[in-house]
Amino acid sequence: MFDDRRRTIVVVGAQWGDEGKGKLVDVLAERAAWVVRYQGGANAGHTVDLGKKHFVLHQIPSGILHPGVRCAIGNGVVLDPDTLFQEIDGLVKDGIDVEGRLYVSDRAHLVLPYHKLLDSESSASKAIGTTGRGIGPAYEDKVARRGVRVLDLRHGERLKELVTQGTEHANAQLERFGSKKRVTVDETITLLASLAERLLPLAEDVGLVVHRAIKSGAAVLLEGAQGSLLDIDHGTYPFVTSSSTTAGGAAIGAGIAPMAIHGVLGVVKAYTTRVGAGPMPTEMDEALGARTRELGREFGATTGRPRRCGWFDAVVVRYASRINGLTDLAVTKLDVLDTFDKIALCDGYEYEGELHRDFPADLTAVSKVTPRYEWMEGWKKSTADARKLVDLPAAARRYLDRMQELCEAPITYVSVGTRRDQIIGL
Ligand code: IMP
Ligand code: MG
């Protein structure tokens, strides 16, 4: 992806999340100076398999596993300081050096215990099937202008004012939800006082630092979380997360100019998965879904929930390609389809007698469409050891060719297993 002209690259999920962004970021980070997370929070679960050991990162950019790379958590992230330090300590225990090369935007908003409580006590969150990490409530406070930012930890009075507002709001919400639980200002202030000492030294004007890195010609990777169809504006609203997961969000959430971005890599699975509620037109029937789930080990990296599985949906990915301006595609988990006799690709939706090739905004339509499938022959052969395109069976190459044609973006990477080395760079 990186070359003399392309120095700043965004990695986004082009489906409903869990596409394998962590692995691609890990691979690309080899050549990057910086990796920056730009939205979401501890709802993310980015899995990186180094062979000897595998890591699941929630808030820390996946670039951290490369010793020379600097990592930053951008202003667009909602940061859970409590779990951040658990994550740092876990990495340090595994011999990964973190402090000294991890920066946190001083503008990032904090996820506080009351946000997590609200997320778990709210029936609306349950209906959507959120991860319960307090993401929605933290972004709500941000937009309502009562959020607590990292830099507020420097100002005791201001901090108390904000936490008081947040606490009052949270308690009113809890009452409305019919919950008996309540929170106090003091418990939050005490927690923050204990964390501030460790968090403030990491605080940095991330937008400025990244801007300087870009100006100096450094390779910068912007790591998205979740997927395009979970984007607050472009996703299957209201069954979405609360942030801008798409490439536009990368500029805002890292604090850099849109024109500073030179390439956008969309990561897709060779099929589709979704965790949580909401429509998914190409969802497989129970038996096939269960088989795919087993083969692909499709269980949430954050919550352990079984993921819903479906055929590859080119309507979804073409849509993601358009709204992100995908310059490249990475197809992951091709090997999961190795044993299938026939493989389906959805290239349009039938709804009320019409064929839709563009993803509809209206969720009522999305939940009622009939996917139109193209059936392709399976390759019935292991792809796990393929390292070049020519190593792949002809039927697998045909499947990929058709995929890139339908998605209107060229495939640059194909991943054939979880390990770092199991990748074909085209
Ligand atoms: P929230 O982000 O926890 O508010 O959850 C909102 C929706 O996004 C739910 O359907 C979650 O399952 C989904 N979601 C959030 N984070 C991820 C992720 O990292 N991978 C896949 N789905 C996610
Ligand atoms: Mg994940």
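Right above here is the structure, for reference.
Just so it is clear, the structure is predicted and the values come from calculations on it, not from any experiment.

**Student:** What exactly am I supposed to notice about the overall build of the protein chain here?
**Tutor:** Scanning the protein chain from terminus to terminus reveals 13 helices and 20 strands. What you see for the protein chain is a C-alpha radius of gyration of 21 Å, in line with the 22 Å of a compact globule of 426 residues. With respect to the three principal axes, the spread of C-alpha positions in the protein chain is 65 × 50 × 40 Å. A total of 426 residues make up the protein chain; the buried ones form 58% of that total. Here the contacts in the protein chain between residues at least 6 apart in sequence split such that 76% fall between residues at least 24 apart. Summed over all atoms, the accessible surface of the protein chain reaches about 17400 Å², with 50% contributed by carbon and sulfur. Averaging the locations of the 54 positively and 56 negatively charged side chains of the protein chain gives two centres separated by 2 Å.

**Student:** Can you help me understand helix α7 (residues 185-199) in this one?
**Tutor:** Note that an α-helix has 3.6 residues per turn; residues three or four places apart therefore point the same way. The end-to-end C-alpha separation of α7 is 20 Å, in line with the 21 Å expected for 15 residues at 1.5 Å each. At Ala193, α7 shows its strongest bend, of approximately 25°. Looking at α7, one finds that the buried residues are Val185, Thr188, Leu192, Leu195, Ala196 and Leu199.

**Student:** How should the coordination of the magnesium ion (ligand 2) be read in this particular structure?
**Tutor:** At this site the magnesium ion (ligand 2) is bound by Asp18 (OD) and Gly45 (O), with donor distances of 2.1 to 2.5 Å. Of this pair, Asp18 sits in the loop between β1 (8-13) and α1 (21-29) while Gly45 sits in the loop between β2 (34-37) and β3 (46-49), and the two are 27 residues apart along the sequence.

**Student:** What should I look at first to understand the pattern of salt bridges in this one?
**Tutor:** Side chains that differ in charge, positive against negative, can pair when their charged atoms come close. Within this structure, the stated rule accounts for 23 salt bridges. A salt bridge links Arg307 to Asp18; the nearest nitrogen and oxygen atoms lie 3.3 Å apart. Residue Arg307 is found in the loop between α10 (286-296) and β13 (308-310), and its partner Asp18 is found in the loop between β1 and α1; the two are separated by 289 residues along the sequence. Taking the relative accessible area as the measure of exposure, Arg307 reaches 6% and is therefore buried. Judged by relative accessible area, Asp18 falls into the partly exposed class, the value being 23%. Residue Arg198 pairs with Glu99 through a salt bridge whose shortest N-O separation is 3.5 Å. Highlighted residues: Arg198 in helix α7 and Glu99 in the loop between α2 (81-93) and β7 (102-105), separated in sequence by 99 residues.

Calculation criteria
- Residues numbered from 1 in each chain as written.
- Chains lettered and ligands numbered in written order.
- Predicted model: local features only at pLDDT ≥ 70, side-chain atom pairs only at ≥ 80, totals over all residues.
- Heavy atoms only, no water.
- Helix = DSSP H or I, 4+ residues; strand = E, 2+ residues; numbered from the N terminus.
- Rg over C-alpha atoms; globule rule 2.2 N^0.38 Å.
- Buried < 20%, exposed > 50% of the residue type's maximum accessible area, 1.4 Å probe, protein only.
- Contact = heavy atoms within 4.5 Å.
- Areas by Shrake-Rupley, 256 points an atom, 1.4 Å probe, with all protein chains shown as cover.
- Lys, Arg positive; Asp, Glu negative; His and termini not counted.
- Charge placed at Lys NZ, Arg CZ, Asp CG, Glu CD.
- Expected span 1.5 Å × (residues − 1).
- Bend = angle between axes of the 7 residues up to and from the residue.
- Donors = N, O, S within 2.8 Å, 3.2 Å for Na, K, Ca; no water.
- Salt bridge = Lys/Arg side-chain N within 4 Å of Asp/Glu carboxyl O.

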